[in-house]
Structure formats: structure tokens, C-alpha cells
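Analysis of the macromolecular model
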Amino acid sequence: MTGSDVTRSGTRGERPGHEAAPGSLQPGGTSPGAGGNGNGGKRRGKRGKRGEELMVPRAEFQSYYGRPVIKAPGWSSVDIAGYFYTGGLAGAGSVLAAGAQATGRPATARALKISSAAAIGVSTAALIHDLGRPGRFANMLRVIKPTSPMSMGSWLLSAYGPAAGAAAVLETTGWFPRLNTLATGAAATLGPAVASYTAVLAADTAVPAWHEAHRELPYLFVASATAAASGMALATAPVRENASARHAALLAAACEAAVVRLKRRRLGMIAETYRQGKAGRLMRAAELLTAGGALGAALLGRRYRGAAVASGLALLAGSACTRFGVFHAGIASAEDPKYTVVPQRERLEQRYREQAEQREAEHAGDGEVTDGDRPAGGGATAA
Amino acid sequence: MSEIDIRSLLSGPEPDPATDAGYDRDGHPERVGFFTDTSVCIGCKACEVACKEWNAIPEDGLSLTGMSYDNTGDLGASTWRHVAFIEQSAVTRGPGTTAGAGPETGATAGPGAPATAVPGTAAPGDGGPGAAVPGPDGRTELRWLMSSDVCKHCTHAACLDVCPTGSLFRTEFGTVVVQEDICNGCGYCVPACPYGVIEQRPQDGRAFKCTMCYDRLGEGQEPACAKACPTDSIQFGPLDELRDRARRRVEQLKDAGVADARLYGEDPEDGVGGDGAFFLLLDDPEVYGLPPDPVVTTRDLPRMWAHAGAAALSLLGGVAAAFLTSPAVRRRGGSVTRATRAARPGPGRGIGR
């Protein structure tokens, strides 16, 4: 239709008059603000009951008819939150298994090796199941890419999986004890990375509830993984061997509680997504189950096998709730444009304020400011 | 190749992404892009149609959104150009939102263009330029903002960074393209994109997005949307030229009294290192459904890996502490108590930050 091109020697074939300023945009036309307040800026019903806790006093914001700015991941919660959970259970389980083996707790070691192998199998299966093209899973191993946590994770799984599997098989069959020790050691070395890299996988996205928590999520994930693995140990091992699992559970529960609080403080208004709706229910359940499991194990797990099993199951369930809670908080934060727009707008305003101050200081300095250095991108220095 | 600046690989200004992606410095064509001047967009959607036609994108629903003339909704796997319609009137306009446009405009507009003090505007001071001027029969003035959105082909593209298969790649033109024969549909690029552009196609499973008509570029042609745009709202060309051109256009509009005209995504200093497809907007970006201050998520990746490493070590340390503090089942007691003392320093598992 048009032959307009931008070339090195200028523009060719422009439409006549396309440099005009449309009349509706000139003074007398209307100006900004409407887009959101009428349509998009509507508040969701779900906030409200805790409105007074907001770090951001006025969540007035503009959006395009309330539609999300970013796309929420298309991942299935069962697959991907399940993959986080089972990966953590496996990774931390391998560390506990190695510790149990080294300190003469054979029943614990055996149970955890088997659970780790099973969990990493489930984890990998969930990851593959969630692919749009599961048959192309092997493409994950086409490149090694440190900028892609999923690439690094795939390589990690392909090293850790066989080690954990070998440790489990050799433990149950009793073959090649030395190889068993080697596999156990390898799994225990890679295990912590398996438990923590999934946090980077979640945080390395534009999803506000995950990305803005990128400092805390790895610690939350390893604490949750340790809680799950020690829960597994409590549920499967005899009472006389479970002292270390009880201690690990207490430590993990304490750390998880601390990290959750730290994260909440750091996140500001985005923290709502961890308190409201499905994510809020899951996070509260996780807190209760993890704390209850750890305390139950500490108080009663030393004496009563039944109490140890129940505490272990509570810890396992608590860890699962944490992972699903984090997952759903991320989805909620992606689906509401508020969590994308408001923090970014604040960041921008802050930057404009600083720039204005700087300009003023320069002005005071020599009176001559080189205009035009700053691109004209910031028409919106709302006071 | 050897001159790659490691600091600019993840964020910050990067003058030549194609070279940093491994193309020969002198052997690749100039970086190209789109400049979408929304001030002349008439909302005809020729770009949407041309894009669908040329790229043979499947139909993805003929539903009505009921919110405006925009029945496309948003960019996605099967929508690579999306025309946004924003209807604004003085009635729905938020109070004082333009008040801030003043100082910024005053600082950036050229000499002789005191854009804040628009002559002939009867508006009271607090309303800024273009405040409510009722029509002859008492109606308030209405305006439509229309804007054709597209993949931004970021200088630092999060989708490309996080793609685990290498399916997403940087072309010799500096654009970002998905190789459909490689993509395994992991969907990681979808939440990574700070603009919500790329998406998985439900029945297909793989991720799709604008290719800036890679096939046409190779033949020396302009992309289908730019070709079809009847008002030159979508302009295609070498990115440097487009940036110059866009700055001139903003000046021109401001001289004409359009104080709210501003560029979006053209600044190489921004969170994504500048967009390959940038815009001239007449309102805040979020009004158009664009993020006000997008940042490539991988900017923070080194810190994330550092925290993950520290977390992994603290897992090891924590479990070690748990074993050292528990009485051994069949071990000598002495070593355990000594270890117990050693394993109880301060805050257990070292929650760093």
C-alpha cells in the first residue's frame, strides 16, 4: 500500500501529510488518565479485607481495560509445582541419606535413597508431561545455557537422576557397596543444587511475585525441601534413628518461617499475592503443617512411632503446600496488572524525581543544562 | 567476537546485539526495527490482517470482547500485531494525571517551544493541556488512542535468554525469532517476557511470536505490517535512523502542542537495553497495556545463581548440623559432643541476602 522506507539516505516515498499533528491531539482535545480509571483501574474484589496493610497507600493505577500486562505461564500447577516439590524432596533426601549412611542409620539411608530416586523420577516425568511437545524433551540437552535455569536444571537432572537411581538400586540389592557409596556421595553433592535451582527457575521470569522474591526464594525452596525430606525420614525410619531428622525438621521449619517473613517484608504490595486467595490458603496451611510437623516430631517423635509418622506426613504436606502456594501466588501476580504496573510506576517516578533533583543541582551549578541529552520518554513525571 | 563486553551481555546498553550473538561484526546487516507512531494510527487493523495473511497464522477465536473496538484482546501465539483502542473522555479522566507532564516537557522540548504554556488553551492550570473543553452541546470531548502493538525485539530479550533449547535466537538483523522445529513447548519464554508477547499455541504446544517477517527481511523487503499500514504509523527501517526520526517527530508534535507525546522503548539505557520495536505514545504506557518500566529478568540472574548457590550450601550445612547435633546411633560419644559444639554457631543455616 505504501512504499515508505527508511534508508541511509533518508526517507523514501512518504505519504503526504503524515507529518501532521492530528487535531484531536492538540489543545482542546482531552488528555490522559481515562484508560484505567474507568475500566482497567478497577479493584478486584479479593483485595479489600487486608487493605489497610498495604505498603502502597493508593493502588490507583492505569491499565488497558484491566487486562494483564504480562502473560502468566501456561504451566499446569500439578506438573510444575509438583516438579518443584518432588525435586526438592529428592535433592534434600539425598543429602539426608548420605548423612544417615555416614552416621550409621541404615534404615533411614535406605528409605531416603528410594524416596529420592522415586521423587526425581516423578519430577522429571512431570516436567516432560508439561511440555507442549513432550517428544522433543531431548532438545533440552541441545545446548548448555547458563542464562536459562531450565537448561541448567535439565543438565543437573541428567547427572543427578542416574546417581540417585543407582544409589537406590544398589542399596536395595546390596550389590557393589563401593559404587553405592560413590553414587550416594554424588547424589548428595548434586542434591542441594537440585533443591535450589528450581527457585531460580521461578524467579528468572517477569512474574512479580517470583522475580521480586529472587533473593529469598532459593532459601525458601531449600528449607521447604529439607522439611519434606526430613518428613520422609520421620515417616519411614525407625524411632531410634530419627534424631537427626527431627533436628533437620526443626531447623528447616524455623528457616522457612523466617524466610517467608523476610520475603513478605521485601515484596511490599506484591506480598498480597501470597496472602490472598488460593495462594494465601496454601501458604497458611503450609505454615501450620510445617510448624506442627516439626514441633510434633521434636516433642513426641522421639518416643512414639505413630507421632513420628504423623509429623513426617505433616511436613511432607506442608512442603507441598509451600510449593503450590508459591506457584499460585505467581499466577495471581501475573494475572492482575496491578502487580506489574504499580511497582514499575513507582520505580519510574522515583527515578524521575532523582533526575529532576540532579538537573536542578546542575542548574544551580552553572545555569546551562544540555537539553536533549535525555530522551523524551518521560512525559509522565506525575508529582 | 573477542570484543564482546561481558557486562553488557545481560543488561544495559548494547550497540550491536547481532555481533554479541556471534555474527561477524562486518558481515551482518544493520539492526532493523519498527517505529510505531501511534499519533497517526487510525485503528484500521490492516497490520493485523497483513501479519496473519503473510505468516499464515491460524484463526484464534472470533469473539467480541465487549470493551471497545478491540476484539483482538492482546498479543499472543496467534496474534503478532494487536491494535489497542483506548477511549478517553474528560469525564473518565483521572484528576491531575497530566500535571507532571509539565516539568519534563519543559526540559526536553527544544528552545522556543514552551510546550506547557500552550497558547489559546482556556484550561485552568491544574488540568494541564487538553483539559475538558465541553463541546457545543455540552458533550465532553472524547478521544481515541489507537496503537498497534508488536513484539519489541528487545536488545536484551528475556525469552531468548531463558529458552533452554536454543529455539529462540538472535538473527543477523538483531531481531529475535523462534525456530519452530526446535521449540519443545516448555513455555518458559512466556512468563519471562516483560511485555507479555510470546505465548504457547494451545493445540500446538509450541511458542510463537512476531518474527519481524524474517523471511521478508532476508529478501530485502519490509515486514508485512509496515507494508500494509496506510498511514505510515508503522515504520520499518534501520533502528538508528528510526530513533532519529522518532525524536524529530516528538519535537514536532510538541511544537504543535501535543504535550503528552513521548517515546517508549527507544532508550538504550532502559531495562531491556532498548527495544527493536519502539513507540510514540500519547499517554502513559500502562494505558496501552505496556509495562511502564520493563526490566529483562536475566539482569538479576547472576545474583539469583549466587543466592541459589548459597542456599544449596546452607542446605548442606544445615543437614550437617542436624546430624552433628544428634547422638550417633552406633558411634563413640566424644567426637559427637565436640562436633556438637562446633556445629552450633549463630544463625543455623545462614540466611543470606
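Analysis parameters
Residues numbered from 1 in each chain as written. Chains lettered and ligands numbered in written order. Predicted model: local features only at pLDDT ≥ 70, side-chain atom pairs only at ≥ 80, totals over all residues. Helix = DSSP H or I, 4+ residues; strand = E, 2+ residues; numbered from the N terminus. Buried ≥ 20, exposed ≤ 12 C-beta atoms within 10 Å, placed from the backbone. Contact = placed C-beta atoms within 7 Å. Pairing = 2+ DSSP bridges. Axes fitted to C-alpha atoms, helices over the stretch in contact; angles between N-to-C directions. Expected span 1.5 Å × (residues − 1). Core = buried A, V, L, I, M, F, W, Y, C linked by C-beta atoms within 7 Å. Domains from an automatic or database assignment. Parallel < 35°, antiparallel > 145°, perpendicular 65-115°, else oblique. Left-handed = near helix turned anticlockwise from the far one by under 90°. Nonpolar A, V, L, I, M, F, W, Y, C, P; charged D, E, K, R; others polar. pLDDT = per-residue confidence, 0-100.

Below, the discussion takes up the overall build of chain A. A count of helices and strands for chain A gives 12 helices and 2 strands. For chain A, the α and β elements follow one another from N to C terminus as β-β-α-α-α-α-α-α-α-α-α-α-α-α. The burial tally for chain A puts 56% of its 383 residues in the buried class. Relative to all contacts within chain A whose residues are 6 or more apart in sequence, the contacts with residues 24 or more apart total 74%.

Attention now moves to the overall build of chain B. When you go through chain B residue by residue, the secondary structure sums to 10 helices and 10 strands. When each of the 353 residues of chain B is scored for burial, the buried share is 55%. If you take every contact in chain B between residues at least 6 apart in sequence, the share linking residues at least 24 apart comes to 65%.

Moving on, we come to the sheet that holds strand E9 (residues 262–264) of chain B. Sheets are built from strands paired through backbone hydrogen bonds, the pairs being either parallel or antiparallel. Residue and element names in this part refer to chain B. Strand order in the open sheet formed by 4 strands is E8-E1-E10-E9, with mixed pairing between adjacent strands. At either margin of the open sheet sits one strand with a lone partner, and together these are strand E8 (234–238) and E9. Across this sheet, the average inter-strand angle for adjacent strands is 25°, counted without regard to direction. Bridge count for strand E1 (residues 32–37) against E8 is 5 bridges, and the pairing is antiparallel. Looking across to E8, one finds that Gly33 is bridged to Gly237.

This paragraph deals with the pairing of strand E3 (residues 142–150) of chain B. Residue and element names in this part refer to chain B. In terms of burial, E3 is a largely internal element, 7 of the 9 residues being buried. Pairing analysis gives 9 bridges linking strand E2 (residues 81–89) to E3, with the strands arranged antiparallel. In the strand pairing of E3, Ile86 is matched with Leu145.

Let us look at helix H5 (residues 177–203) of chain A. With 27 residues, H5 of chain A should reach 39 Å at 1.5 Å per residue; the first-to-last C-alpha distance of 40 Å fits that figure. Burial within H5 of chain A is extensive, with 19 of its 27 residues counted as buried.

Attention shifts here to helix H7 (residues 217–236) of chain A. End to end, H7 of chain A covers 28 Å across 20 residues, agreeing with the expected 28 Å (1.5 Å per residue, within 8%). Of all 20 residues making up H7 of chain A, 20 are buried, and the element is well covered by its neighbours.

Backbone geometry at Phe176 of chain A places phi at a positive 40°, although glycine is not the residue there. One can find Phe176 of chain A in the loop between helix H4 (149–173) and H5. The class for Phe176 of chain A is partly exposed, based on 13 C-beta atoms found within 10 Å. Positive phi is not limited to glycine here, since His153 of chain B has a value of about 45°. For His153 of chain B, the position within the fold is in the loop between E3 and helix H4 (158–162).

Turning next to the nonpolar core. If you look at soluble globular proteins, the nonpolar side chains tend to sit buried side by side. Among the nonpolar cores identified, the biggest contains 198 residues, and Leu96 and Ala249 of chain A together with Cys159, Cys189 and Cys193 of chain B are the most heavily contacted of them. Looking at which element gives the most residues to this core, the answer is H7 of chain A, with 14 residues. When residues are assigned to domains, this core turns out to be shared by domain 1 (9–108 + 123–295) and domain 2 (302–342) of chain B, each giving three or more. The contact partners of Ala249 of chain A, leaving out residues within four places of it in the chain, are Ala227, Ser230, Gly231, Leu234, Gly293, Ala294, Ala297 and Leu315 of chain A.

Residues and elements named next belong to chain A. Packing of helix H2 (residues 77–102) against helix H3 (residues 106–130) leaves a shortest axis separation of 7 Å and a crossing angle of 155°. With respect to H3, the element H2 is oriented roughly antiparallel. With respect to the hand of their crossing, H2 and H3 are arranged in left-handed fashion. Classifying every residue of the contact of H2 with H3 by side-chain character gives 14 nonpolar, 11 polar and 3 charged.

We now examine the confidence of the model for chain B. Residues and elements named next belong to chain B. When pLDDT is averaged along chain B, the result is 82; 76% of the residues meet or exceed 70. Across residues 331–353, confidence stays below pLDDT 50; counting only partners more than four residues off in sequence or on other chains, it has 30 contacts. Here the prediction assigns the complex a pTM of 0.83, and the interface score ipTM is 0.83.

Attention shifts here to the environment of Ala125 of chain A. When you line up the elements, Ala125 of chain A lands in helix H3. In sequence terms Ala125 of chain A and Thr173 of chain A are 48 residues apart; their C-alpha atoms lie 25 Å from each other.

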